[in-house]
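Structural characterization, general
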Amino acid sequence: MRAAAPLLLLLASALILAGCGQPSGSPTPEARPTSSNDPRFLPLAAYDLSDDGHTVGTARWTLAKQCMVRLGFDDLKNLDIDPLPAWPQRPAGTGVFTAVAYVDDDLRYGIQDPRQAARYGYQAARAAYERRNPQKKWTLSQFLALTGEFFGADPKSVHGHRIPRRGCLGEADRAIYGSSPQDRRNPVLELKSKSLQQGMKDPVWKKADKAWSSCMRKAGYHYATPRDAEIGEDRQREELEARLSAPPRDPDAPSASEKQTATADARCKQHTGYVRTVHAVDVRIQNQLIANNRAKLEKQRRWNRDAVRKAHDILEGRS
């Protein structure tokens, strides 16, 4: 992350929801797991884009590239969109602090693989997203034209052309979806979040937290839940001081302390059967939520399917 004074926290729309169908432009994931015993299986995933996310992402960037050329960025006519670019990030040095949240359903219950933890700490979702969607360096004018994410005195036009609402990517989304996904509530994402919130209050889930916490104490760590370990309030001051004294090449790189904590976390999840236990609770709650919200979930599924059909039309030149 980049820091500048004064700081403004902006949450960019660069969420990666592997298997969740969020229009982030991720490549087609592996086949959706169908066994409820598979920790990657989520009942709510049946209502999102999932396997068609790459098609929609390709159509989005195809239209966005055309829009950028129309706005006068002729050098982007041959922009490579395979693999799909990451969501644009505001250039450094423009007086704005940008925080990007990365979410991955494979890490819904936190880090689980000790080898992955030893390499990425708690940033495996970011690493996975960046492998699939390389980040391109944009100029400020390109960033504004692509996203329409204005701050302060940012210009609202470029090369004599008014920047579309939400930028060229937003214009592309409206062409695909009929309206901007950012302007409507997504019941799949809302219910996935609600399932986690309810699950963490479930006695079975709490018992799993206690077993995991006990294991972590034996390893020398004192956290009540895996979420507490991931946030790592006890590491924050130590890591900040280390970065100020010797800033790493990559300011987002996990510290040695983070990697060690994450590794112990993953090992304790394996030792206590944590993921298997909380996943069963999550599946049960998601099925209940689906039963209570089926109408709006079916509406979301139809909306997604219409978007996929439109994306195919765009890519095949029928639109």
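Residues numbered from 1 in each chain as written. Predicted model: local features only at pLDDT ≥ 70, side-chain atom pairs only at ≥ 80, totals over all residues. Heavy atoms only, no water.

Let's talk about the overall build of the protein chain
Scanning the protein chain from N- to C-terminus turns up 12 helices and six strands. The buried share among the 319 residues of the protein chain stands at 48%. Taking the intrachain contacts of the protein chain between residues at least 6 apart in sequence as the baseline, contacts between residues at least 24 apart amount to 75%. Accessible surface for the protein chain amounts to roughly 16,700 Å². Of this, 51% is attributable to carbon and sulfur atoms. (Helix = DSSP H or I, 4+ residues; strand = E, 2+ residues; numbered from the N terminus. Buried < 20%, exposed > 50% of the residue type's maximum accessible area, 1.4 Å probe, protein only. Contact = heavy atoms within 4.5 Å. Areas by Shrake-Rupley, 256 points an atom, 1.4 Å probe, with all protein chains shown as cover.)

A few points about the packing of helix α1 (residues 53-70) against helix α4 (residues 140-147)
Packed helix pairs are characterised by how far apart their axes lie and by the angle those axes make with each other. In the contact formed by α1 and α4, the axes pass within 10 Å of each other and the chain directions differ by 125 degrees. In terms of axis orientation, α1 runs oblique to α4. Regarding α1 and α4, the two cross each other, and that crossing is right-handed. Between α1, through Trp61, Ala64 and Met68, and α4, the contact on the second element is made entirely by Gln142, Ala145 and Leu146. (Axes fitted to C-alpha atoms, helices over the stretch in contact; angles between N-to-C directions. Parallel < 35°, antiparallel > 145°, perpendicular 65-115°, else oblique. Left-handed = near helix turned anticlockwise from the far one by under 90°.)

Observations regarding the pattern of salt bridges
Scanning the model with the defined rule gives 17 salt bridges in all. Across the pair Arg108 and Asp282 runs a salt bridge whose closest N-O atoms are separated by 2.6 Å. With Arg108 in the loop between β4 (103-104) and α2 (114-120) and Asp282 in helix α11 (residues 274-292), this residue pair connects regions lying 174 residues apart in the sequence. One exposure class covers both Arg108 and Asp282, and it is buried. A salt bridge links Asp265 to Lys269, with the nearest nitrogen and oxygen atoms 2.5 Å apart. In this pair, Asp265 and Lys269 are both assigned in helix α10 (residues 256-272), four residues apart and thus about one turn of the helix distant. When its relative accessible area of 1% is taken as the criterion, Asp265 is described as buried. Sharing partners across several salt bridges, the network here consists of Asp48, Asp105 and Lys192. (Salt bridge = Lys/Arg side-chain N within 4 Å of Asp/Glu carboxyl O.)

Concerning the nonpolar core
In globular proteins that are soluble, nonpolar side chains generally tend to be buried together. Formed by 34 residues in total, the largest nonpolar core has its most connected members in Tyr109, Ile111, Trp205, Trp212, Met216, Tyr274 and Leu297. For this core, the secondary structure elements donating two or more residues are α2, α3 (124-132), α6 (187-199), α7 (203-218), α10 and α11. In terms of residues, this core owes the most to one element, α11, which gives seven residues. Leu71, Trp87, Ala125 and Leu144 belong to the second largest nonpolar core, which has 25 residues in total. (Core = buried A, V, L, I, M, F, W, Y, C linked by side-chain atoms within 4.5 Å.)

Looking at the confidence of the model for the protein chain
The pLDDT averaged across the protein chain works out to 87; a share of 87% of its residues lies at or above 70. A low-confidence stretch, residues 1-29 stays under pLDDT 50, and its non-local contacts, those more than four residues away or across chains, total 93 contacts. (pLDDT = per-residue confidence, 0-100.)

Describing helix α5 (residues 167-177)
For α5, the tally of buried residues reaches eight of 11 residues, placing the bulk of the element in the interior. Restricting attention to buried positions, one finds in α5 the residues Gly167, Cys168, Leu169, Gly170, Ala172, Asp173, Ile176 and Tyr177. Following α5 by one or two positions, Gly178 adopts a phi angle in the positive range, close to 90 degrees.

Re the environment of His271
As for its placement among the helices and strands, His271 is situated in helix α10. Each C-alpha atom of the pair His271 and Ala211 lies 9.4 Å from the other, and the pair is 60 residues apart in sequence.

A closer look at a negative patch on the surface
Judged by side-chain charge, Asp228, Glu233, Asp234 and Glu238 come together as a negatively charged surface patch. Broken down by element, the negative patch gets its largest block of residues, three residues, from helix α9 (residues 233-245). Structurally, Asp228 is set in helix α8 (residues 226-231). (Patch = residues over 30% accessible without salt bridge, like charges linked within 9 Å, V, L, I, M, F, W, Y side chains within 5 Å. Lys, Arg positive; Asp, Glu negative; His and termini not counted. Charge placed at Lys NZ, Arg CZ, Asp CG, Glu CD.)

Here we look at the state of the cysteines
In this structure the tally under the stated criterion is two disulfides. Each sulfur of the disulfide joining Cys67 and Cys168 lies 2.0 Å from the other. Torsion about the S-S bond of the Cys67 and Cys168 cystine: about -65 degrees, corresponding to left-handed handedness. Pair noted here: Cys67 is in helix α1 and Cys168 is in helix α5, with a separation of 101 residues, a long-range link. Both residues of the pair, Cys67 and Cys168, count as buried. Across the disulfide, Cys215 is cross-linked to Cys268 (sulfur-sulfur distance 2.2 Å). Measuring the twist about the S-S bond at about -80 degrees, one finds the Cys215-Cys268 disulfide to be left-handed. Here the residue Cys215 occupies a position in helix α7, and Cys268 occupies one in helix α10, the gap between them amounting to 53 residues. There is no split in this pair, since Cys215 and Cys268 are both buried. By sequence order of its bonded cysteines, the protein chain has the disulfide arrangement 1-2, 3-4. (Disulfide = S-S within 2.5 Å.)

Points about the packing of α7 against α11
In contact at an axis separation of 9 Å, α7 and α11 are set at 165 degrees when each is read in the N-to-C sense. Regarding the angle of α7 to α11, the classification is roughly antiparallel. The interaxial crossing formed by α7 with α11 has left-handed handedness. Facing α7, whose interface residues are Val204, Trp205, Ala208, Asp209 and Trp212, α11 presents Tyr274, Thr277, Val278, Val281 and Asp282.

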